[in-house]
Structures are given as C-alpha cells and as structure tokens.
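Listed here are the chains, written in short residue letters.
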Amino acid sequence: MEQNGNIITFPERRQGLKVADLRSWHYMQVTCRHCGHTGRIYPQSLWRRCSMDARIVDVVRQFRCRDCGAGGAVTWDIWHINRNA
Ligand SMILES: [Zn+2]
C-alpha cells in the first residue's frame, strides 16, 4: 500500500509495536471507525505523552475522535515517510 510515495511499515508486528519503536520519519494515520475522520499523529507527540514502553495498540485505545467524540475505535497504520518522493 502506498500514499504519496510513503509506505506502511511494521505490517507484520503491529501487536508488539511500542512507542519506542517509532522513529522521527514515521507517522501514524488513524481513522475513526464511527465517522471516518482521519488524523495524523507524529511520534514526537507520542514520545511526549506516553511511556516509551507503551504498546501502540494500547495507546490508540485511549484516543478520542476530534469530530464525533467516539473513543477507542480507530484503525491505524504506521507510515514511513519517503524522503525521496
Ligand atoms: Zn469520529
């Protein structure tokens, strides 16, 4: 899968992925399952707000949609920014 030259990374190890595994060239795209609102979350904000040991799957459960206010129901992927694009 590709988006503006960026590619999804860590497709095979989502369950164990931790905040500490993210790098500055990654971003997380989250989509609300209720209203379809999408947002990007950059590692810097997770590093500030979360424990480095926290698993991404647990972190996203605490998210609340900015549009519809629904919590805990997002789909997410980690994208790798392609600097050559
Ligand atoms: Zn929503």
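Residues numbered from 1 in each chain as written. Predicted model: local features only at pLDDT ≥ 70, side-chain atom pairs only at ≥ 80, totals over all residues. Heavy atoms only, no water.

Colleague: Explanation requested: the packing of aromatic side chains in the structure shown.
Modeller: How two aromatic rings sit relative to each other is given by the distance of their centres and the angle of their planes. Tallying each qualifying case throughout the model produces 1 aromatic pair. For the ring pair Tyr 27 and Tyr 42, a centre distance of 6.0 Å and an interplane angle of 45 degrees mean the geometry is tilted. Remark: Tyr 42 occurs in the loop between strand S4 (38–41) and helix H1 (43–49) and Tyr 27 occurs in strand S3 (residues 26–32); sequence separation between them is 15 residues. A residue is classified by how much of its surface remains accessible, and Tyr 42, at 38% relative accessible area, is partly exposed. Between the NZ or CZ atom of Arg 14 and the centre of the ring of Trp 76, over which it lies, the distance is 4.0 Å. (Phe/Tyr/Trp six-rings, centres within 6.5 Å; stacked < 30°, edge-to-face > 60°. Helix = DSSP H or I, 4+ residues; strand = E, 2+ residues; numbered from the N terminus. Buried < 20%, exposed > 50% of the residue type's maximum accessible area, 1.4 Å probe, protein only. Lys NZ or Arg CZ within 6 Å of the ring centre and 35° of its normal.)

Colleague: What should I look at first to understand the coordination of the zinc ion in this one?
Modeller: For a metal with four donors in a tetrahedral arrangement, the ideal angle between donors is 109.5 degrees, while six donors in an octahedron ideally sit at 90 or 180 degrees. Coordination sphere of the zinc ion, protein contribution only: Cys 32 (SG), Cys 35 (SG), Cys 65 (SG) and Cys 68 (SG), at 2.3 to 2.4 Å. Considering all 4 donor atoms around the zinc ion, angles at the metal cover 102 to 116 degrees and the coordination shape is tetrahedral. Here the donor residues for the zinc ion map to a single chain with the spacing C-x2-C-x29-C-x2-C. Placement of the pair is Cys 35 in the loop between S3 and S4 and Cys 68 in the loop between helix H2 (56–61) and strand S5 (74–80), with a sequence separation of 33 residues. For Cys 35, a relative accessible area of 38% corresponds to the partly exposed category. On the basis of relative accessibility, which here comes to 38%, the residue Cys 68 falls in the partly exposed class. (Donors = N, O, S within 2.8 Å, 3.2 Å for Na, K, Ca; no water. Tetrahedral: all angles 85-135°; square planar, octahedral: opposite > 155°, others 65-115°.)

Colleague: How should the confidence of the model for the protein be read in this particular structure?
Modeller: The predicted structure's coordinates, where accompanied by low pLDDT, should not be read in detail. When the pLDDT values of the protein are averaged, the result is 88; 92% of them are 70 or greater. For the protein, the element scoring lowest by mean pLDDT is strand S1 (residues 2–3), at 65; H1 scores highest, at 96. (pLDDT = per-residue confidence, 0-100.)

Colleague: Quick question: what am I supposed to make of the pattern of salt bridges here?
Modeller: Note that side chains of opposite charge can pair when their charged atoms are close. Under the defined criterion, the tally for this structure stands at 4 salt bridges. Salt-bridge contacts for Asp 58 lead to Arg 55; the nearest nitrogen and oxygen are separated by 3.1 Å. On the basis of relative accessible area, Arg 55 is assigned to the partly exposed category, the value being 33%. According to the relative accessible area criterion, Asp 58 is partly exposed, its value standing at 27%. Here the salt bridges do not stand alone but share partners, grouping Arg 55, Asp 58 and Arg 61 into one network. (Salt bridge = Lys/Arg side-chain N within 4 Å of Asp/Glu carboxyl O.)

Colleague: Which parts of the structure should I look at to understand the pairing of S5?
Modeller: Within a regular strand, the side chains alternate between the two sheet faces. Where strand S2 (residues 6–9) and S5 come together, 3 bridges link them in antiparallel fashion. In the strand pairing of S5, Thr 9 is matched with Ile 78. Of the strand pairs in this sheet, S3 and S5 are connected by 7 bridges, and their pairing is antiparallel. Its bridge partner being in S5, His 26 is matched across the sheet by His 80. (Pairing = 2+ DSSP bridges.)

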